[in-house]
Structures are given as structure tokens and as C-alpha cells.
Amino acid sequence: MSGLTVARLQLFHYPSSTVRTTVISSKLHHYFPSSNRYRPRTLHNFSTSGIAQSSSSSIVGDLLDYLNESWTPFHATAEAKRLLIDAGFELLNENDEWELKPGGRYFFTRNMSCLVAFAVGQKYSVGNGFHIIAAHTDSPCLKLKPKSASSKSGYLMVNVQTYGGGLWHTWFDRDLTVAGRVIVRGSDGLPMILNNFGSVSVLEPSTVNKDGFKPNLETQLIPLLATKSEETSVEPKEKSSTSSSKVTHHPQLMQILSQELGCGTDDIASIELNICDTQPSCLGGANNEFIFSGRLDNLASSYCGLRALIDSCVSPSNLSSEHAIRMVALFDNEEVGSDSYQGAGAPTMFQAIRRIVGSLAHEHVSETSFERTIRQSFLVSADMAHGVHPNFSEKHEEHHRPEMQKGLVIKHNANQRYATSGVTAFLFKEIAKLHNLPTQEFVVRNDMGCGSTIGPILASGVGIRTVDCGIAQLSMHSVREICGTEDIDIAYRHFKAFYESFSSIDKKLIVDF
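The structure displayed is predicted, hence computed values, not measured ones.

**Student:** Give me the overall build of the protein chain: which residues, what numbers.
**Tutor:** Along the protein chain, the regular secondary structure elements total ten helices and 24 strands. Counting every position in the protein chain, which comprises 513 residues, the buried fraction comes to 55%. Counting contacts in the protein chain only where the partners sit at least 6 residues apart, residues at least 24 apart contribute 77% of the total. By element, 49% of the accessible surface of the protein chain is carried by carbon and sulfur atoms, the whole surface being about 22200 Å².

**Student:** Run through the sheet that holds strand 19 (residues 385–386), naming residues and quoting values.
**Tutor:** Overall, mixed pairing links the five strands, which are arranged 15-16-24-23-19 in an open sheet. Each having just a single partner strand, strand 15 (282–284) and strand 19 make up the two edges of the open sheet. Direction of pairing for strand 16 (residues 290–293) relative to strand 24 (residues 481–484): antiparallel, over a ladder of four bridges. Bridged to Phe290 within strand 24 is Gly484. The sheet strands contacting helix 10 (residues 485–506) are strand 15, strand 16, strand 23 (472–474) and strand 24, and the helix crosses strand 24 at an angle near 65 degrees.

**Student:** Quick one: what's the story with the pairing of strand 16, residue by residue and with numbers?
**Tutor:** In the sheet, strand 15 pairs with strand 16 via three bridges, with the strands oriented antiparallel. Its bridge partner being in strand 16, Cys282 is matched across the sheet by Phe292. Where strand 15 folds back on strand 16, the antiparallel hairpin that results is connected by five residues, among which Gly285 adopts a positive phi of roughly 90 degrees.

**Student:** With reference to specific residues and values, describe the environment of Trp71.
**Tutor:** Residue position: Trp71 is located in the loop between helix 1 (60–69) and helix 2 (73–86). For the pair Trp71 and Arg295, spaced 224 residues apart in the sequence, the C-alpha separation amounts to 8.4 Å.

**Student:** Explain helix 6 (residues 348–361) residue by residue, including any values.
**Tutor:** An α-helical segment advances 3.6 residues per turn. Residues three or four places apart therefore align on the same side. Between its first and last C-alpha, helix 6 extends 20 Å over 14 residues, near the 20 Å set by a 1.5 Å rise per residue. Most of helix 6 is tucked away: ten of the 14 residues are buried. Every buried residue belonging to helix 6 is among Thr348, Met349, Phe350, Ala352, Ile353, Ile356, Val357, Ser359, Leu360 and Ala361, and all of these are buried.

**Student:** Any chance you could break down the side chain of Asp297 for me, citing the residues and the numbers?
**Tutor:** Considering the arrangement of structural elements, one finds Asp297 in helix 5 (residues 296–312). Lys411 provides the closest opposite charge to the buried, salt-bridge-free Asp297, at an N-O distance of 7.4 Å. Of the polar contacts made by the side chain of Asp297, one reaches the side chain of His136; its length is 3.5 Å. Not counting residues up to four positions away in its chain, the partners in contact with Asp297 are His136, Asp138, Ser139, Glu335, Asp383, Met384, Gln473, Met476, His477 and Glu481.

**Student:** Give a detailed account of the sheet that holds strand 5 (residues 90–91), specifying residues and quantitative values.
**Tutor:** Pairing is mixed in the open sheet, where nine strands are placed in the order 5-6-7-17-8-18-22-20-21. Lying at the two open borders of the sheet, with one neighbouring strand each, are strand 5 and strand 21 (439–442). Bridge count for strand 20 (residues 408–411) against strand 21 is four bridges, and the pairing is parallel. Counted as the bridge partner of Lys411 is Phe442 from strand 21. Relative to the sheet, helix 9 (residues 454–462) contacts strand 8 (130–136), strand 17 (325–331), strand 18 (378–382) and strand 22 (465–470), its axis offset from that of strand 22 by approximately 170 degrees. Of the strands in this sheet, strand 8, strand 17, strand 18, strand 20, strand 21 and strand 22 are in contact with helix 10, which crosses strand 8 at around 155 degrees.

Conventions used here
Residues numbered from 1 in each chain as written. Predicted model: local features only at pLDDT ≥ 70, side-chain atom pairs only at ≥ 80, totals over all residues. Heavy atoms only, no water. Helix = DSSP H or I, 4+ residues; strand = E, 2+ residues; numbered from the N terminus. Buried < 20%, exposed > 50% of the residue type's maximum accessible area, 1.4 Å probe, protein only. Contact = heavy atoms within 4.5 Å. Areas by Shrake-Rupley, 256 points an atom, 1.4 Å probe, with all protein chains shown as cover. Pairing = 2+ DSSP bridges. Axes fitted to C-alpha atoms, helices over the stretch in contact; angles between N-to-C directions. Expected span 1.5 Å × (residues − 1). Lys, Arg positive; Asp, Glu negative; His and termini not counted. Salt bridge = Lys/Arg side-chain N within 4 Å of Asp/Glu carboxyl O. Polar contact = N/O pair within 3.5 Å; in protein donor to acceptor, adjacent residues only side chain to side chain.

Okay, structure coming up:
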């Protein structure tokens, strides 16, 4: 068997089995555990009752559920898979032949950390375009090293690697957990399982430094697992060919994993675990106008795009007049460059487009079918945006300071760090104008470096028109990030409008003639 795992790493604060209500600063943080999910204090009109809702309903409550289930890219993909199946989408396998039809709704996963879903318009014909929203499932985190067991000064430690550009000082003095994938040997092969482990606790303790807290990421960013007892040893006395995991990871950790998976420690063949913060996502602010959560970058965009696709084709009538194919693509490894089997640098999405075109042709596909499809396609690269910080507003260009609750931020960069052009920005803003939705613009200061997204990677891959946009947030890449509740609903409505309206809007603008 193979398994996805989450292990709670809380130290010093309270037992992992404790059910509690926590209130911090009165109205600012108030949440409670219920049925293994954490829900906000009040949701007002925020609905958590299901997928198909009216445009006036908020999706914030459902986003909080999604965030609290999505400890890792594996979990985020598994939760997205569940939502799609519940909505009636058909699961495909990249290893099989695809038999697709107009009006059909389909999806597939890769590495269980990347997902592509699509809905075929009833009036689709070969050469028509794809309307795509792309985001990513990964976030900066700490990952267990292949040999994670170490000890110092009477403590059992967990060796980790830094993944992405995290603000690592924010990970200290937090209740942490491990989450990820475990491969377990079984008589019927190596199936994948998703588990949430609630028994393991670790903490990254900080220390006082008058010159500022600047930890060495190799020697001082090592979480505590437990105190070391006399009988505890990193290396077991007897080694066998089946105990490589026990040799490289603490026996206490392996025992907890095996108990959660219902197997022996010798049956665990491989583990792929992240360190995660245990504090649940919740609403905050005097008026519940903020979302406080880990992994908002970029699970917030992923969920809004996924939900928009699902809700744009709830019934067959939603696709009855559609000539295009609506798609959402969620990739892994954006935070480290996207150059992986499951990242946007792989040809996953474009191979899928080619296969879809071929399957729907029902006859010989001409040499130019795929190329014509790409020319008529449009990609929305959705990744979180840096909102203006009230205490550091000078870090933003004076006339381009995105604010929370003011709508999606369209990102521009003359050096092509973002893929937005004048044409693609215009088309995306026309959708907003048609549906009375606000938008904002962002460019970085000339004296500061500019980040990037999967937008330029995908745009340059085959030459697809692309706009880069995102939801404004604070504390990007911190263990705890902040965004606005209104922006979540605006993004959802904008993405849904994109799926429903782009075909008609695109016809009105001719660029090459």
C-alpha cells in the first residue's frame, strides 16, 4: 500500500487529542474543531452546504474547509478530486485511451499533486479554443530529509530541507505537524492512501538575539520531536533489508505512522512528508473581513478556479451554447521553478489539449488542428499578489498598490516576468466590466526585483495568450498568511464569468488582420 499522511507536531502547548475552543484577542481569532474540520466563528451568508450555489452566495466557508483539508499538494489534489467526482466529472487516466464527447466533463491527476479538469462545450468543433485557469498546489514549507533522524543535547530532532522561498523565521514557536505520502508494502501492490496523523508533535523553538533573529537554515532550523530517553537510539541495534525507513527516521515517528496506517513499521517502504502548521484556517478582523491561513499562496487561487469551473457547468444547459472547452490546471512545484514531472514546466497541459482535440475529432486530425486550437485559446495564470502593507507602503510603486477587498490584481512587467500584454489585460478587464467586478493593476518598482509565475512558462511553451492575475494578500510565504474575504468571492465570480463569457468577448477584438 501507499499512503498520504498527516502527523500532528504540537509540542509544549497541549495534547494532540485535546478538543478546545481558542480565542485570541477577542474577535480577531475565534474558531472551534468540529468533525475534524475547523469552521469560522460566524459565516454570515457564507454557505458551506454544497457546490452548486447562486452567484450571491459566498464560497468563503467552503474555501476554509478546503484549506483545512489541504495540508500538502497531495491532499489539495485529493480534495479537488473529491469535489470533481461529487460534481459528476469523470476520472480519466493518462495511461488509457480517452473517449470524449461534447458536453462531457472530465479530469485526471498526475503524481497526485497535479490535476487537470475540463468541460467540453456542446457546440465544440476541432480548432476551437480552450479557456484555461492555471494555478499551483504547492507552498513554501519544510520537507523531511531522506535521513531525518538526528539528536542534540538530549533531544530527538527531525532534519528538514527548505522548499521554496519561505519566511522561515515565522515557523519558529509554532505547533507543527507532518503531512504527506507514505508507501506501504502490501500483498496487492502499492496503492495510495491519504491519512491525517494526529499523534506526532514537533516544535521549532526560537531564541533571543539582540541583533535580530537570523537562524542558520542548516543547523538551527531543525524541529524538536521528543526528549531522548536512554533506550532511544537513532540507529536500531539490528538492521535488515526491510528496515531502511527505521534506520533513517526516528523509531517513534515510524511507530506513529505505522499505527495510523494499520501496518508494521517494516512495511513502510518510503515516506514523503512536509512540516505543516496545525493552526486551522479561520476568519479574523473586527468584521470577519480577513482569512488567516497557511498556504493561501496558492490554494486560494486553486480553489477559486476549480470551483468556478465546477459551477460554470453544473447542468448540461450550461454547456449547450459553448463552442470552446473550459479547463482548470493545477500544477505542483511552482515555488521551486516548475521544472518537474508534475510542474507547469512539463508538457502536461498541452499534451492533454492535443489528446482532447484528437479524441473529439473522430477522424484524421490535420497538422494544424492543434496549432489553430492554441491560437484561439486563452490562459488565466492565477497566483496570489502582494497587497500593499500599511507599515511598508513604500515597498510598492506609488501608483500601483493593490489593496484587499478591491478585486483581482492584474500583474504587468515589461521584462516579461509576468505574461500579461495590453491585449490580454483588456480582454480580462472586459469580463470584469461586463459583470460589474473591480480590478486592480500591479507593477513592481524599478529598483526592486520582480517575482514570476507559471504564466510566462505556459505562454512561451506553445504561444498561448496569457494574463497574469492574483488575489491581494499580506504575509506572502509566511507560515500564516492573510487575504480578504471579499476578494475570494470576487475572484470566484470573475473566474466563473471568464468561463461563461469569454467566447463572446473574444470575438469582438481582432489583433492580427
